[in-house]
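Below, each chain spelled out in residue letters.
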Amino acid sequence: MKKGEISVGKIEKVEFPNKGILHTQEGEKVIVKNCLPGQTIRFIVQKRRKGKCEGRLLEVLERSPVELEQPYCVHFENCGGCVYQRLRYEEQLALKESQVKDLLQAVVSEKEEVSESCKATQEAPLADADEKSVRTGTSEQKVLKWFEGMKPSPKQFGYRNKMEFSFGDEYKDGPLALGLHKRGSFYDLVTTDQCRIADADYNHILHQTLKYFSNAGVGYFKKTVHEGYLRHLLVRKAAKTGEILVVLVTTTQQCENISEESLLSGFWKSLIQLPLAGKIVGVLHTKNDSVADVVKDEGTDILYGQDFFYEELLGLKFKISPFSFFQTNSLGAEVLYETAREYINQQDTNRSSVVFDLYSGTGTIAQIIAPAARKVIGVEIVQEAVDAARENAVLNGLDNCEFIAGDVLKVLDEIKERPDVIILDPPREGVHPKALQKIIAYGVDRMVYISCKPTSLVRDLNVLLANGYEIARGCCIDMFPGAGHTECVVWIQRKDI
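Analysis parameters
- Residues numbered from 1 in each chain as written.
- Predicted model: local features only at pLDDT ≥ 70, side-chain atom pairs only at ≥ 80, totals over all residues.
- Heavy atoms only, no water.
- Pairing = 2+ DSSP bridges.
- Helix = DSSP H or I, 4+ residues; strand = E, 2+ residues; numbered from the N terminus.
- Axes fitted to C-alpha atoms, helices over the stretch in contact; angles between N-to-C directions.
- 1 Å grid on protein atoms, 1.4 Å probe; cavity = no way out; pocket = protein on both sides within 12 Å on 5 of 7 lines; lining within 4 Å.
- Points joined across faces, edges and corners; volume = space filled by probe spheres on them.
- Nonpolar A, V, L, I, M, F, W, Y, C, P; charged D, E, K, R; others polar.
- Expected span 1.5 Å × (residues − 1).
- Buried < 20%, exposed > 50% of the residue type's maximum accessible area, 1.4 Å probe, protein only.
- Contact = heavy atoms within 4.5 Å.
- Polar contact = N/O pair within 3.5 Å; in protein donor to acceptor, adjacent residues only side chain to side chain.
- Salt bridge = Lys/Arg side-chain N within 4 Å of Asp/Glu carboxyl O.
- Phe/Tyr/Trp six-rings, centres within 6.5 Å; stacked < 30°, edge-to-face > 60°.
- Lys NZ or Arg CZ within 6 Å of the ring centre and 35° of its normal.

### Describing the sheet that holds strand β5 (residues 40-49)
Note on sheets: strands pair through backbone hydrogen bonds, and any given pair is parallel or antiparallel.
Part 1 of the reasoning: Within the open sheet, the six strands sit side by side as β1-β5-β6-β4-β3-β2. Their pairing is mixed. At either margin of the open sheet sits one strand with a lone partner, and together these are β1 (6-10) and β2 (13-15). Sheet twist, expressed as the average angle between the axes of neighbouring strands with direction ignored, equals 40 degrees.
Part 2 of the reasoning: Examined bridge by bridge, β1 and β5 share five bridges and lie antiparallel to one another. Its bridge partner being in β5, Gly 9 is matched across the sheet by Ile 41.

### Some points on the layout of surface pockets
Part 1 of the reasoning: Its boundaries defined by the atoms lining it, the second largest pocket holds a volume of some 720 Å³.
Part 2 of the reasoning: As for the second largest pocket, its lining consists of 27 residues, of which Lys 33, Asn 34, Cys 35, Leu 57 and Arg 183 are closest to the centre.
Part 3 of the reasoning: When contributions to the lining of the second largest pocket are tallied by element, the ones reaching two or more residues are β4 (29-33), β5 and β6 (52-62).
Part 4 of the reasoning: The greatest single-element share of the lining of the second largest pocket, amounting to seven residues, is contributed by β6.
Part 5 of the reasoning: Per-class residue counts for the lining of the second largest pocket are ten nonpolar, six polar and eleven charged.

### As for empty space enclosed by the protein
Vacant regions in the atomic arrangement are exposed by a probe of water-molecule size rolled over the atoms.
Part 1 of the reasoning: Within this structure, the stated rule accounts for five cavities of 30 Å³ or more.
Part 2 of the reasoning: Taken as a whole, the largest cavity holds about 90 Å³ of empty space.
Part 3 of the reasoning: Lining the largest cavity are Cys 73, His 75, Phe 76, Cys 79, Gly 81, Cys 82, Gln 85, Leu 180, Thr 192, Cys 195, Arg 196 and Ile 197.

### Notes on helix α4 (residues 200-216)
Part 1 of the reasoning: Spanning 17 residues, α4 covers 25 Å between terminal C-alpha atoms, matching the ideal 24 Å at 1.5 Å per step.
Part 2 of the reasoning: Along α4, the positions that sit buried rather than exposed are Asp 201, Tyr 202, Asn 203, Ile 205, Leu 206, Gln 208, Thr 209, Leu 210, Tyr 212 and Phe 213.
Part 3 of the reasoning: Those residues of α4 that are buried lie in contact with β8 (162-169), β9 (176-181), β11 (230-237), β12 (243-250), α5 (260-272) and β13 (279-287).
Part 4 of the reasoning: Taking the backbone nitrogen of Asp 201 as reference, a side-chain oxygen 2.8 Å away marks Asp 199 as the first, capping residue of α4.
Part 5 of the reasoning: Where α4 terminates, the next one or two residues include Gly 217, which has phi positive at roughly 70 degrees.

### Quick word on the pattern of salt bridges
Part 1 of the reasoning: Within this structure, the stated rule accounts for 24 salt bridges.
Part 2 of the reasoning: Across the salt bridge formed by Lys 237 and Asp 199, the nearest N and O atoms sit 3.1 Å from each other. Taken together, the residues Lys 237 in strand β11 and Asp 199 in the loop between β10 (189-190) and α4 connect sequence positions 38 residues apart. In this pair, the class of Lys 237 matches that of Asp 199, namely buried.
Part 3 of the reasoning: Close ionic contact of Arg 390 with Asp 387 constitutes a salt bridge, the shortest N to O distance being 3.9 Å.

### Let's talk about unusual backbone geometry
Part 1 of the reasoning: With omega at -5 degrees, the peptide bond leading from Phe 16 into Pro 17 counts as cis.
Part 2 of the reasoning: Tracing the backbone through its elements, the reader meets Pro 17 in the loop between β2 and β3 (19-23).
Part 3 of the reasoning: The backbone of Asn 34 shows a phi angle near 65 degrees, a positive value even though the residue is not glycine.
Part 4 of the reasoning: Looking at where Asn 34 falls in the secondary structure, it is placed in the loop between β4 and β5.
Part 5 of the reasoning: Judged by its relative accessible area of 32%, Asn 34 falls in the partly exposed class.

### A short note on the packing of aromatic side chains
Part 1 of the reasoning: A complete count under the given rule lists eleven aromatic pairs for this structure.
Part 2 of the reasoning: With a centroid separation of 5.2 Å and an interplanar angle of 65 degrees, the aromatic rings of Tyr 72 and Phe 157 are classed as edge-to-face. Taken together, the residues Tyr 72 in the loop between β6 and α1 (89-104) and Phe 157 in the loop between β7 (147-151) and β8 connect sequence positions 85 residues apart.
Part 3 of the reasoning: Classification of Phe 157 as partly exposed rests on a relative accessible area of 22%.
Part 4 of the reasoning: Here Phe 318 and Phe 326 contribute two aromatic rings whose centre-to-centre distance is 6.1 Å and whose plane-to-plane angle is 55 degrees, an arrangement assigned as tilted. Neither Phe 318 nor Phe 326 differs from the other in exposure class; each is buried.
Part 5 of the reasoning: Taken together, the ring pairs connect Phe 167, Tyr 212, Phe 213 and Phe 267 into an aromatic cluster.
Part 6 of the reasoning: Taking NZ or CZ as reference, Arg 196 lies 3.9 Å from the ring centre of Phe 157, over its face.
Part 7 of the reasoning: Lying over the aromatic face of Tyr 310, Lys 317 brings its terminal NZ or CZ to 4.6 Å of the ring centre.

### With respect to the sheet that holds β12
Part 1 of the reasoning: Read from one edge of the open sheet, seven strands run β10-β9-β8-β11-β12-β13-β14, paired in mixed fashion. Where the open sheet ends on each side, the last strands, each with one partner, are β10 and β14 (300-305).
Part 2 of the reasoning: Strand direction decides the pairing type here: β11 and β12, joined by seven bridges, are antiparallel. Bridge assignment links Leu 230 to a residue of β12, and that residue is Thr 250.
Part 3 of the reasoning: In this fold α5 packs onto β11, β12, β13 and β14, with an angle of close to 155 degrees to the strand it touches most, β13.

None of the figures reported here should be taken as evidence of function without further support.
As C-alpha cells, this is what we get:
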C-alpha cells in the first residue's frame, strides 16, 4: 500500500493503546486508531515503513456486533477525550483486559497453558468468531495463572476529580467555546457541557463560565498570533468531601472595555451563586504567558476562599493544591491502593519492615501502608508533591514517613537504610534503566509495581524477571471508564524464596 491510498478492511483486534489492527489481502499489517474489534472501516494510509502501515479512520462502514446504537455521551462523535463510549461497560473492561494480557504474554513462560475455550477461537477465522472473541479483540488468550483480571471503577460516569478545559472556538472565527479539543484537531474545540465522565457540577461551572465571559465580550488566547486573554479553566472536586476548587487561567494581556479586577470579581461571584451538589471552597486566578498550550503557573491569586481542598481515601485525609498530582478517579484510587496494600500486607510486612515508596508523588500509598511498617521512605522528584506529602503525613498523625525530594536514580545512592519491601509507582515512561539496576541490587525478596502504562510495565518486568524475579500476583484497575487507559498492579518476588 502507498501513502494516500484509501482502502477498506475489518478490525481484527485492538492493541494498547487504542491501536486497531487489520491486515490487507496481501497480508500487510495496518494500524488505525479509534476503532473497535469487528468494525469494517474505510481508511487512508498516512505512513508506511518497515512492512507496516499507519492509517487514519475515514468512516465506519459496518459496526461491531457489540457496539451500541448510540454512545453514552452526546459529545462522543466530536470530542477527543474518550474512545469507548459506544461499548457497554462490561465490554470496555473485557477489551482493556485483553490488551494488557496480550502485552503480558511477552513476560510469561512459553509453557503457559492455552484454555480450551480459546482454542476454538484460534482455529476459526475472525469472520466466524463468537461474540467473546469480537469483544476482546484477540484470537489467542493464554492462561496467566497469576493474573486476577480487571477490577472495575466504582463509578462509570462522573468519576473524574479533575477536568482541564480550554477556551477557543468550535470553528474559525466562531463564537467563544469552552471544553475539550475536537478529535484529531489542535485548534478546534467542543463545548463539553454534558460530558459524562465529569461530575455534573463541572458541567454547571463550565456553562456558567462560558456564559459569563461570552456576555462580557472577552476573547480567548489565539495560539497562532499569541494574542488574547482567556486560556483554560481547571476544576477539581473531591469525591468524599464535595469540596470544589476552580482555577481560571489567563494571560496578562489587558481586556478591552473592562478592568480585570471588575471582570474577575464578577466571575467568582457568579460561580458561588450556582446551585451545586458540592461546595466551592476556592476560586483562583492563574497567569500564564507561555507559548505552549499547557496549564502553567506563572503566578496565582486567590479571588475567593482558599487555594486548596481536602479529599479522603481509605480513612486518611489529603490536602490537595491546584496543580499537585492526585489520582483523577478518587473512588478508583481506593480500589488501586487497597489492592496494593493487600499485596504488600501479604508479603509479611510488619512493624520492623522498612519500605521504599519510589516515585511517591504526594505520598498517598506511603501513608496508606505506613501503619504496617516501621518506616516508609518516599522519593519524588517534584518538590511541591514532597511538600504536600510531608504536610499530609502530619495531618494524618503519621510519624514514620520520610519524604525525600530528588531523582530516584541519584537519591538511592544517598539513603543509608536498606529496604525490606520496594513499591514502584513510576511515571508513564517507567523506571529509568540505571535506577532499575540499583533497585535490583538491593536484592529484596518482594516488590509491588504500580503502572499507568502497561507497555512500560512489560519492559521493566522483562528486566526484573531476567534478574531472578517472578510474578506472584497481578491485576488491572479501570481508573478511566470510557477511555483507553488502565492501571496495573503486580506483586513480584524472588524465585528462590
